[in-house]
Amino acid sequence: MARLRILVVGAGFAGVACVGRLERRLAPGAADIALVTPVSYQLYLPLLPQVAAGILTPQSVALSLRRGRYRTRIIPGLAIGVDARAKVCVVRRITGELTNERYDYIVLAPGSVTRTFDIPGLKEHGRGMKTLAEAAYLRDHVIAQLDLADAAVDEQEKISRLQFVVVGGGYAGTETAACLQRLTTHAVRRYPRLDPSLIRWHLIDIAPKLMPELGDKLGRSAMEVLQRRGVEISLGVSVAEARPEQVTFTNGRVVPSRTLIWTAGVVASPLVGTLGAETVHGRLAVTAQMTLPGFDGVFALGDGAAVPDLEGGGGAVCPPTAQHAHRQAKTAADNVIAALRGEPLRSYRHRDLGLVVDLGGRDAVAKPVGVELHGMPAQAVARGYHVGAMRTNVAKARVLTNWILNAAAGDDFVRIGFLAEEQPSLRHFEQTDAYLTPRQVREHTASLNAHQG
């Protein structure tokens, strides 16, 4: 008999942790395990702002999937559709060809993509902070603005190149503004022709508070740190229009800027919509055991699944954080194995470890197990947490070495120059146009079955 096939989609915190547990808990002959991912690494997403700022190298946060993966077959491609009735996942390989992966059990952990709105010019001129390529590109872009401003003759061009707008007052936006503001502050010392006062950073969010999850005290503390550095924070405000050389806010203010960084939240991967299943705010409506009701052999977790928060109660679902994704993976893997063996499944429960926000340098805010910290104690907790969460010792060593080297020697502000001929958009980096509709998935698998018949 052919061995059972377990297909895991996504190599984020949820997918990689799930594969690791399956390998440890299943005997080698019990099932074939495959992992679908367009990249050969697990991205440590919380440290992307430090990659954009040059504090860490891209390799530091890209944890190789080939280290410690011996049994799992890695399929290099993007899952663009799932036909749960035929038990087929449609994969667009990195070469562009479509292939079909059959499964007996599928674990959907495709993560999320940047949430955008129908704002004129946003998708054409906005830059995200969701992928490694976006972070590396953004660093090049910001340094390029300093180079171009230094060479500019026209004063208006200089002003527009030295103003930067970050949208999103959550963790990603706050850390991005904090880290990149430090980058430009340090870099401008190497540009004697530039007036440092012309460099302006704007952090805006439609919400009334900065990082409300941290509470009022720590949220205010983070805001004060940024304001002391000169970051202008506008709350209750968003973007009305984006143009190549200016950004218009919803309060009517027009800011001359050629850099719009969009970090205003995330939504589930478009893969979720290909199943035609019930969703909760765009995330698959799964049970506490992470099964998808009405779909045989389908499990879902992480950012793409609305996993009930049994600790919170009241119909709440777990927020899309790395902490939840990593923990859900263990329960999901155990439940796949239990399903294989005909055993009862268990529900996901958690104990919140708290939150950390690294603002660069000696500044940070943190709330480990409910204890509010700021300054150096919070920085020690934040960086200790990140190192501890790294999957491999090699990654831990790289990150620690980068932090020490950056603290001792600073940055060289090198602009690599890749993608110089392109203006990549949010859609370009996150491949949001690649996914099929439920009907296209069914037609694809039907034609496959007809061909094989």
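What you see is a predicted model; the values in this text were computed from it and never measured.

S.K.: Let's hear about the sheet that holds strand β23 (residues 364–368): which residues, and what values?
M.R.: Spatially, three strands are ordered β22-β23-β24 in an open sheet, and the strand pairing comes out antiparallel. Of all the strands in the sheet, the pair left with one neighbour each is β22 (354–358) and β24 (373–374). Pairing geometry for β22 and β23, over five bridges, is antiparallel. Residue pairing across strands places Gly-354 opposite Pro-368, the latter belonging to β23.

S.K.: Let's hear about the packing of helix α5 (residues 132–151) against helix α7 (residues 171–187): which residues, and what values?
M.R.: Two elements in contact, α5 and α7, have axes whose closest approach is 11 Å; the angle formed by their N-to-C orientations is 35 degrees. Once α5 is placed against α7, the crossing between them reads as right-handed. On α7, the residues that touch Leu-138, Arg-139, Val-142 and Leu-146 of α5 are Leu-180, Leu-183, Thr-184 and Ala-187. Of the residues belonging to the contact of α5 with α7, the class tally is six nonpolar, one polar and one charged.

S.K.: If you had to explain the nonpolar core to someone new, which residues and values would you point to?
M.R.: Residues Leu-22, Ile-106, Leu-108 and Leu-180 are the most contacted members of the largest nonpolar core, which totals 117 residues. Each of domain 1 (5–114 + 267–352 + 431–447) and domain 2 (116–264) accounts for three or more of the residues forming this core. The contact partners of Leu-22, leaving out residues within four places of it in the chain, are Ile-6, Val-8, Ile-33, Arg-71, Ala-333, Val-336 and Ile-337. Of all hydrophobic cores here, the second largest spans 15 residues; its members include Leu-122, Ala-242, Ala-264 and Leu-426.

S.K.: I'd like to hear about unusual backbone geometry, residue by residue, with values.
M.R.: Backbone geometry places Lys-87, a non-glycine residue, at a positive phi of 55 degrees. Within the secondary structure layout, Lys-87 lies in the loop between β5 (73–83) and β6 (88–93). The backbone of Val-369 shows a phi angle near 40 degrees, a positive value even though the residue is not glycine. Looking at the element boundaries, Val-369 is found in the loop between β23 and β24.

S.K.: Lay out the domain arrangement of the protein with the relevant residues and their values.
M.R.: The domain architecture assigned to the protein consists of domain 1 (5–114 + 267–352 + 431–447) and domain 2 (116–264). Once you take the C-alpha centre of each, domain 1 and domain 2 turn out to be 32 Å apart. Contact residues are listed per partner, giving 17 residues for domain 1 and 14 residues for domain 2. When domain 1 packs against domain 2, the two sides together hide about 1300 Å² of surface, and 69% of this comes from carbon and sulfur. At the boundary of domain 1 and domain 2, one finds zero salt bridges. Applying the counting rule to domain 1 against domain 2 returns two residue pairs in polar contact (both at pLDDT 80 or more). Of all the secondary-structure elements, those providing two or more residues to the side of domain 1 that touches domain 2 are β3 (41–43), α2 (48–52), α3 (58–61) and β9 (112–114). Top contributing element to the side of domain 1 that touches domain 2 by residue count: α2, with five residues. For the side of domain 1 that touches domain 2, the residue count by class is 13 nonpolar, four polar and no charged.

S.K.: Describe the pairing of strand β14 (residues 239–243), naming the residues involved and giving the relevant values.
M.R.: Where β14 lies against strand β15 (residues 246–249), four bridges are found, and the strand directions are antiparallel. Its bridge partner being in β15, Ala-242 is matched across the sheet by Val-247.

S.K.: Outline the environment of Ser-234, listing residues and values.
M.R.: On the secondary structure map, Ser-234 appears in strand β13 (residues 232–235). Residue Ser-234 is classed as buried on the basis of its relative accessible area of 15%. Residues Ser-234 and Asp-433, spaced 199 residues apart in sequence, show a C-alpha to C-alpha distance of 32 Å. Residues within four places of Ser-234 in sequence aside, it is in contact with Leu-203, Ile-204 and Asp-205.

S.K.: Requested: an account of the packing of aromatic side chains, with residues and values cited.
M.R.: The tally for this structure, following the rule as stated, stands at three aromatic pairs. When the centroid spacing of 6.2 Å and the interplanar angle of 75 degrees are considered together, the rings of Phe-117 and Trp-262 count as edge-to-face. With Phe-117 in the loop between β9 and α4 (122–125) and Trp-262 in strand β17 (residues 259–262), the pair connects residues that are 145 residues apart, well separated along the chain. Overall, the relative accessible area of 42% leaves Phe-117 in the partly exposed class.

S.K.: Describe the packing of helix α1 (residues 13–25) against helix α9 (residues 322–341), and please don't skip the residues or the numbers.
M.R.: α9 packs onto α1 with a crossing angle of 40 degrees between their chain directions and a minimal axis gap of 8 Å. It follows from the interaxial angle that α1 and α9 lie oblique. As for the relative orientation of α1 and α9, their crossing is right-handed in sense. When α1 is examined against α9, the residues Phe-13, Ala-14, Ala-17, Cys-18, Arg-21, Leu-22 and Arg-25 are found in contact with a partner set consisting of Ala-322, Ala-325, His-326, Ala-329, Lys-330, Ala-333, Asp-334, Val-336, Ile-337 and Arg-341. Grouping the constituent residues of the contact of α1 with α9 by class yields eleven nonpolar, one polar and five charged.

Rules used in this analysis
Residues numbered from 1 in each chain as written. Predicted model: local features only at pLDDT ≥ 70, side-chain atom pairs only at ≥ 80, totals over all residues. Heavy atoms only, no water. Pairing = 2+ DSSP bridges. Helix = DSSP H or I, 4+ residues; strand = E, 2+ residues; numbered from the N terminus. Axes fitted to C-alpha atoms, helices over the stretch in contact; angles between N-to-C directions. Left-handed = near helix turned anticlockwise from the far one by under 90°. Contact = heavy atoms within 4.5 Å. Nonpolar A, V, L, I, M, F, W, Y, C, P; charged D, E, K, R; others polar. Core = buried A, V, L, I, M, F, W, Y, C linked by side-chain atoms within 4.5 Å. Buried < 20%, exposed > 50% of the residue type's maximum accessible area, 1.4 Å probe, protein only. Domains from an automatic or database assignment. Buried area = accessible area lost by both parts, 1.4 Å probe. Salt bridge = Lys/Arg side-chain N within 4 Å of Asp/Glu carboxyl O. Polar contact = N/O pair within 3.5 Å; in protein donor to acceptor, adjacent residues only side chain to side chain. Phe/Tyr/Trp six-rings, centres within 6.5 Å; stacked < 30°, edge-to-face > 60°. Parallel < 35°, antiparallel > 145°, perpendicular 65-115°, else oblique.

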